[in-house]
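These are the residues of each chain, in order.
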Amino acid sequence: MILPVTSTEQTLLAVIVSRGQSRNPEKRAVEAAIVDSASKFASVQVFDVPHLYDLKVDSDVIRELRSLECDIVVASWIFPRAAHWLLDRVGVRGQSEPTSFDEIDDDSEVADSGAAGETRVTEIFPRGNRKIYCLDMRSGSAEKLVEEVSRISQNTVAKFAANESPAANTPATPVRFDDSSSRRWYPVIDFSRCTNCMECIDFCLFGVYGLDGAETILVEQPDNCRKGCPACSRVCPANAIMFPQHKAPAIAGAQVEGEEGFKIDLSLLFGAPDKTTDAVEIAARERDEQLLLAGRKAVGMPTLRSRAAQSALPKDNLDLLIDDLDRCDL
């Protein structure tokens, strides 16, 4: 059942509570506490929605969220970085804003990811100035989460009041969406890290990735992805691909400390058995397993076109000749 949406004409902040996939009563209590608290603020519209990761792009929920023009708080059961880029994927875009639960500066992490000097997609196609606050409901008690949502709500309303912006006089009724979508598995791209190198589309053999009108990589056919397979995230040189439901935090979207970010012990971060096992080899093995399960032929490493794999191969005479020509002042 979908409740009618109240007018968002005076809405200064939208609070989106993304319900967990299970019916765990403790999780439901946390969600209900946030919905109840946030709905007491004037000019704040609360949306109580199913798990965002499972929703189709053309669903009523996503269409409603895309119509919002105000700042957003999203509370979910996935890592904040994954939640931000999951919203971005469906057209709900803006700038990631820090919260009291953040432990690592995301900007510094972006600078350490990928090859130095390469341009990120968000540098070419900047997102708007809308503020998006992402809260992981696993990161604190219900009381602490409610306190943070209240803080953001109060600050947002006070800021607009100081600018003499119009505001609603009474709180809006929370809007609840129900949806029967089944659980899904697909990659989410962090475009603040992505350099549009196309290695994911080269590596994936299931037609998950495609290009938009500006020839920027996108997850075109998410439901073509093989459930449980995170192989493309392992070969991405910028570590821009996440699977929010993966058991390994580094693949699921967690921030990783260290001067070299995700490049430290890459194989260990992505669940390899030991330091001597290359992450690209694991990715190729995972891909072959999924090909066989789909009734197709395994291809192994020879067809791997990943830049990471190519750089690990010894140079032949042609490579050396090209290197000599590059050094010539022609």
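As shown above, the structure is provided for reference.
Residues numbered from 1 in each chain as written. Predicted model: local features only at pLDDT ≥ 70, side-chain atom pairs only at ≥ 80, totals over all residues. Heavy atoms only, no water.

1. A look at the sheet that holds strand β2 (residues 44–49)
Each strand in a sheet pairs with its neighbour through backbone hydrogen bonds, running either in the same direction (parallel) or in the opposite one (antiparallel). The condition that has to hold: Pairing between strands requires that DSSP locate at least two bridges from one strand to the other. The helix count covers DSSP runs of H or I at least four residues long, the strand count covers runs of E at least two residues long, and both are numbered beginning at the N terminus. Between two residues, a contact is recorded if the distance between any of their heavy atoms is within 4.5 Å. Lines are fitted to the C-alpha atoms to define the axes, a helix being fitted only along its stretch in contact, and any angle between axes, read from their N-to-C directions, falls within 0 to 180 degrees.
Taken in spatial order, the six strands line up as β4-β5-β3-β1-β2-β6 in an open sheet, and their pairing is parallel. Strand pairing shows two members of the sheet lacking a second neighbour, β4 (95–97) and β6 (175–176), which therefore form its edges. Most of the contacts of helix α1 (residues 25–38) go to strand β1 (residues 13–18), to which it runs at about 165°, and overall it touches β1, β2 and β3 (71–76). Against the sheet, helix α3 (residues 80–89) engages β3, β4 and β5 (131–136), with an angle of about 135° to β5.

2. Remarks on the nonpolar core
Here is the rule: As used here, the term nonpolar core means buried Ala, Val, Leu, Ile, Met, Phe, Trp, Tyr and Cys residues forming a set that is joined through side-chain atoms within 4.5 Å. Accessibility here uses a 1.4 Å probe with only protein chains present; expressed as a share of the type maximum, an area under 20% marks a residue as buried, one over 50% as exposed, and anything in between as partly exposed.
By size, the foremost hydrophobic cluster in this structure holds 58 residues, and its most contacted members are Ile-16, Phe-47, Leu-52, Leu-65, Tyr-209 and Ile-217. Broken down by element, this core gets its largest block of residues, five residues, from α3. When near neighbours in sequence (up to four residues on either side) are disregarded, Tyr-209 contacts Pro-187, Ile-189, Cys-200, Ile-201, Cys-204, Ile-217, Leu-218, Val-219, Glu-220, Cys-232 and Ile-241. Ranked by size, the runner-up nonpolar core spans 21 residues in total, among them Ile-34, Val-46, Trp-77 and Ala-142.

3. A few points about the packing of aromatic side chains
Each aromatic ring pair is described using two quantities: the centre-to-centre distance and the angle formed by the ring planes. Defined as follows: A pair of Phe, Tyr and Trp rings is counted when the ring centres sit within 6.5 Å of each other, with Trp represented by its six-membered ring. The angle between the planes then sorts it: under 30 degrees is stacked, over 60 is edge-to-face, the rest tilted. Ring-over charges, as used throughout, are those where CZ of Arg or NZ of Lys falls within 6 Å of the ring centre and within 35 degrees of the ring normal.
Summed over all chains, the structure comprises three aromatic pairs. Between Trp-85 and Phe-191, the aromatic rings sit 6.2 Å apart at their centres with planes inclined by 70°, giving edge-to-face as the arrangement. Here the residue Trp-85 occupies a position in helix α3, and Phe-191 occupies one in the loop between β7 (188–189) and α7 (199–203), the gap between them amounting to 106 residues. With relative accessibility at 6%, the residue Trp-85 sits in the buried group. Between Trp-185 and Phe-243 the ring centres are 5.0 Å apart and the planes differ by 20°, which places this aromatic pair in the stacked class. Here Phe-243 lies in the loop between β10 (241–242) and α9 (249–252) and Trp-185 lies in the loop between β6 and β7, a separation of 58 residues in the sequence. Taken as a pair, Trp-185 and Phe-243 share a single burial class, namely buried. Directly above the aromatic system of Trp-77 lies the positively charged group of Lys-27, at a separation of 5.0 Å from the ring centroid.

4. Observations concerning the pairing of β2
Basically, it comes down to this: With strands facing away from the observer, any crossover in which the path from the first strand over the helix to the second runs clockwise is taken as right-handed.
Across the six residues of β2, six count as buried, placing the element largely inside the fold. Neither face of β2 is open: one carries Val-44, Val-46 and Asp-48, the other Gln-45, Phe-47 and Val-49, and all of them are buried. Between the parallel pair β1 and β2, the chain is carried across by α1, and the sense of this crossover is right-handed. Relative to β6, β2 runs parallel, the two being bridged by two bridges. Considered in β6, the bridge of Asp-48 is made with Arg-176.

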